[in-house]
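Fold and contact review
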Amino acid sequence: PRQPTVQANSEAERIPLAQLEVGQVLQGKVVQLFFPGGLTVDVGAEEDGFLEVEEFRDGFPTSSIAESFRPGDPLTVRVLDLEPDVVVESAKFPEGG
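Residues numbered from 1 in each chain as written. Predicted model: local features only at pLDDT ≥ 70, side-chain atom pairs only at ≥ 80, totals over all residues. Heavy atoms only, no water.

1. Comments concerning the confidence of the model for the chain
Inclusion rule: pLDDT is a residue-level measure of predictor confidence that goes from 0 to 100. Every helix listed is a DSSP run of H or I at least four residues long, and every strand listed is a run of E at least two residues long, numbered separately from the N terminus. Only heavy atoms enter the contact rule, under which two residues are in contact if any of them lie within 4.5 Å.
In the predicted model, the chain carries a mean pLDDT of 74, and the fraction of residues at 70 or more is 63%. Per-element mean pLDDT across the chain ranges from 50 in strand 1 (residues 5-6) up to 91 in strand 2 (residues 25-34). Per-residue pLDDT stays below 50 along residues 88-97; that stretch engages in 10 contacts with residues further than four places along the chain or on separate chains.

Next up, the structure:
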């Protein structure tokens, strides 16, 4: 079954992680690019989500996130996993970015 699309309207209405479900579709915005691993997305939840480069498109990995995405870009994402304790410990940033 298709999951409803959810979008928070303001900072005061952040979605608790416990209310997210695997398969749920969310509208968000790119927050930050992490090279070469992926990007963070603000979907209105208590914490930003992390989208790995292999998960950008179903079956079609994107080779360069810098060419495809910029901070602030709108994005439709699907929840694949819920791991609230995962932290991005290191990241490489593009020169000049």
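Additional details are given in the paragraphs that follow.
2. Some points on the pattern of salt bridges
As a working rule, side chains carrying opposite charge can pair if their charged atoms are close by. How we decide: Here, a salt bridge means any Lys or Arg side-chain nitrogen found within 4 Å of an Asp or Glu carboxyl oxygen. Relative accessibility thresholds used throughout: buried, under 20% of the residue-type maximum; exposed, over 50%; partly exposed, between the two (1.4 Å probe, protein chains only).
Counted under the stated rule, the structure contains one salt bridge. In this structure, the salt-bridge partner of Arg-14 is Asp-42, at a minimum N-O distance of 2.8 Å. Here the residue Arg-14 occupies a position in the loop between strand 1 and strand 2, and Asp-42 occupies one in strand 3 (residues 38-42), the gap between them amounting to 28 residues. Look at Asp-42 and you get partly exposed, because its relative accessible area is 24%.

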